[in-house]
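Residue-level structure breakdown
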Amino acid sequence: MAARAWRAASHIGIRRWPAGVADGRWPYSLRRPSSTDTDAATHHPSTAGGLHRLLTDEQRALLTQANQLSSLSKTLARQVGNVPVKEDSLLADVARLQMQRRRRRGGEASASEQEIENAAPSLFTVVFAGEFNAGKSTLINALLGKEMLDVGVLPTTDAITIIMANEDADEGEGDASFEVESATIGLDAGVSAHTQLHLLPTKQYPILTDLCLIDTPGTNAILSLAHTSSTLRILHDADLIVFVTSADRPFSESEKQLLQTSIKSYRKRVVLVINKMDVLERQKGEDHGDATKKRVENYVVEHASDLLGARPVVIPLSARDALSVKLLHNSGGTADENPLWKRSNFGSLEHFLLESLTSMSKVRTKLLNPLGVLEGILIECQSEIQRRQEELDVDVMTLRLLTSQTKAWEKETKSEVIDACQSKIKEVVAARSEVASRVLEETSFFDQLQMLMGRGTFDSAWMRANQRGHRIRNKSEGQDSNHSLGDELMSIGEDCAESLTSRAHNQGTATIEYLGKRPVVVGKGMVGSVTTPKFQQLKQLQPSIIDAIQSATSNLPGDTQSADRIYSSLRTNAALSSLVLGSSVVPATLFMSGVLDATTGMLCGGALAALGCVSLPIGNRYAAASFQKEWTSNAAALEDAIGTLLQDALKRIRSDLADSVAPYSRYVETEGEWLKELAEKLDSGLSNAHSLRSKISKACQ
């Protein structure tokens, strides 16, 4: 019945507690534990032990794993970059401070960065917030049963005060293990806040086992910027926010602003405490100020619901009366039947804390909180990795297309420059090698017989043959060329070198233009810069081609030497043919002298005459073929030399093009490897988080 009455009363926002709590009998968790209590807490740490033992060993281990995994996720976020990571909580700073402190006291080596990073707290955190002089410090003193924190009319709490268990205290130290440490911790917006850490022995203060109480500066103090910043930063550490307002001035403007703009946004569980209810008991004309108390309670419930968007838990109490009773009880008095304790209604707050912080849902929330944070970080990392991978895919495709276009350019250049150059050289040399054939075409049988008498006929035929060769080349090339062989070859080589150099520079410029601004965008990730290639080695291409042509043509006969050789061959052939033809009259003479009969004489004479006529064209063709073979063999050597030079130049161009974009190519390669490594770490983190979530669910059933 009492439980149903409590649940019904809680719906309207003001908690009224079952008998045995509000009448002055203290909750189990806040009494000094007896041996029976200790045994019960050991066997049922999450229920019977109340605040004395909020987490089982298994749950502690799971929370440690979650904090370690959270630390790894933050490391991954820093490696991925562009992933917002919430700054470490103040309690994490305190946990690191405690670790270093224990190391120093134990004479151990300093903690490593990884150990410090993993030193995340495993405490339930209750944060007390509100204006200065609302009685926050008195409220905490009442919970502890000792005047631990200073109180007064003026702002006394100008620092974040953290009260937690002294894990280093020996069992027998008792009150002697009480310690206070001070530090200055940086806040956002360049503000620093002083922090006091109170370490109390759990034997005298069992409430602090797995629990941390934090008193924040007043939001309306003189140093409002520092105080408010301190309060705002510490709010995200809270598992529960106890918002304290004063009964004599409930919900000031600064309190409304803090509730609406900050506490509401954190979506934390909030309990509103109306402190100093004893002040209202002095109202005249009322029975202990009951009517005024009721109006204040309704006012707080109504405005808090509007500000928070939901009906909060509201507990009216007097922390000063409760502290007075507890101090009296510590001196040997009895609090159970003390009217002042009953009037203070402080047992309602203690019971609320006991129920809220020992419920399995709260334990599950505490364990899953860092897991939710790290999963959020991993999801942000996943989005960033995917974004970078999409950009990298564009880079990979860009380089792939660039490589494909470069290969196409090489194929085109080889066809239009190198192959064309070799073809022109072959044509020029072939035209010269065919001059003997053209001389024969210009010379008749009788012209060739006249060569036995002098060169006049041959020189005329030689000139006509060369002119016809020039006309043929001019027609094919579309230009007037009447130069020597060497000059023609030099002109071809120079044109080829200039064409290849021009094409290389155009391709280099086109490559940079094709990449566009992308290398500038990823510039921070590149070692070096993408620049247009200079192709310095191409400056030596033209001199090398000229040297190759001069070397090859030095083995070829000149115009005069060629004319003399052809003339000599044709004259020899004409003389031999004339001799054979002349010998054809010998059989006729022998017939006339009676040595041969008519038939034999005619056959012999005819055979010699035919042989004389045939020997001339056969000899001419052989001479022309020999001349052409000599030129063709030298032309092949020249083509090979020029081709080798041009192919080497093309390789150097390809190398220079690759070097010009090498920083970008290396970036794409290394970025791909790095993203692959990050993706593997991400998959591992998500898998571990999923596994840990399952373990937490089983541990909190």
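Residues numbered from 1 in each chain as written. Predicted model: local features only at pLDDT ≥ 70, side-chain atom pairs only at ≥ 80, totals over all residues. Heavy atoms only, no water.

**Here's the deal with the environment of Val-271**
Tracing the chain through its elements places Val-271 in strand S7 (residues 270-275). Sequence separation between Val-271 and Phe-352 is 81 residues, and the spatial gap between their C-alpha atoms is 9.1 Å. (Helix = DSSP H or I, 4+ residues; strand = E, 2+ residues; numbered from the N terminus.)

**Focus on the nonpolar core**
Within the largest apolar cluster, 74 residues are counted, with the highest numbers of intra-cluster contacts made by Leu-139, Leu-144 and Phe-346. Counting residues per element, this core draws most heavily on helix H13 (residues 360-433), at twelve residues. Once residues lying within four places of it in the same chain are set aside, the contact partners of Leu-144 are Ile-163, Leu-200, Tyr-205, Ile-207, Leu-208 and Leu-213. The next biggest cluster of nonpolar side chains, apart from the first, holds 48 residues, and it includes Ile-492, Phe-535, Leu-556 and Leu-646. (Core = buried A, V, L, I, M, F, W, Y, C linked by side-chain atoms within 4.5 Å. Buried < 20%, exposed > 50% of the residue type's maximum accessible area, 1.4 Å probe, protein only. Contact = heavy atoms within 4.5 Å.)

**Quick word on the confidence of the model for the protein**
When pLDDT is averaged along the protein, the result is 75; 73% of the residues meet or exceed 70. Low confidence marks residues 172-177, where pLDDT is under 50. Its contacts with residues over four positions away, or in another chain, come to nine contacts. Per-residue pLDDT stays below 50 along residues 185-191; that stretch engages in 19 contacts with residues further than four places along the chain or on separate chains. (pLDDT = per-residue confidence, 0-100.)

**With respect to the pattern of salt bridges**
Tallied over the entire structure, the rule returns 14 salt bridges. Salt-bridge contacts for Arg-343 lead to Asp-321; the nearest nitrogen and oxygen are separated by 3.4 Å. In this pair, Arg-343 sits in helix H11 (residues 339-344) while Asp-321 sits in helix H10 (residues 319-330), placing the two residues 22 residues apart along the sequence. Among the residues examined, Arg-343 registers a relative accessible area of 41% and is labelled partly exposed. Look at Asp-321 and you get buried, because its relative accessible area is 7%. Between Glu-677 and Lys-681 there is a salt bridge whose closest N-O contact spans 3.6 Å. With a gap of four residues between them, Glu-677 and Lys-681 both fall in helix H23 (residues 662-699), about one helical turn apart. Given a relative accessible area of 34%, Glu-677 falls into the partly exposed group. A relative accessible area of 32% places Lys-681 in the partly exposed class. Where salt bridges share partners, they join Glu-384, Arg-387 and Glu-391 into one cluster. (Salt bridge = Lys/Arg side-chain N within 4 Å of Asp/Glu carboxyl O.)

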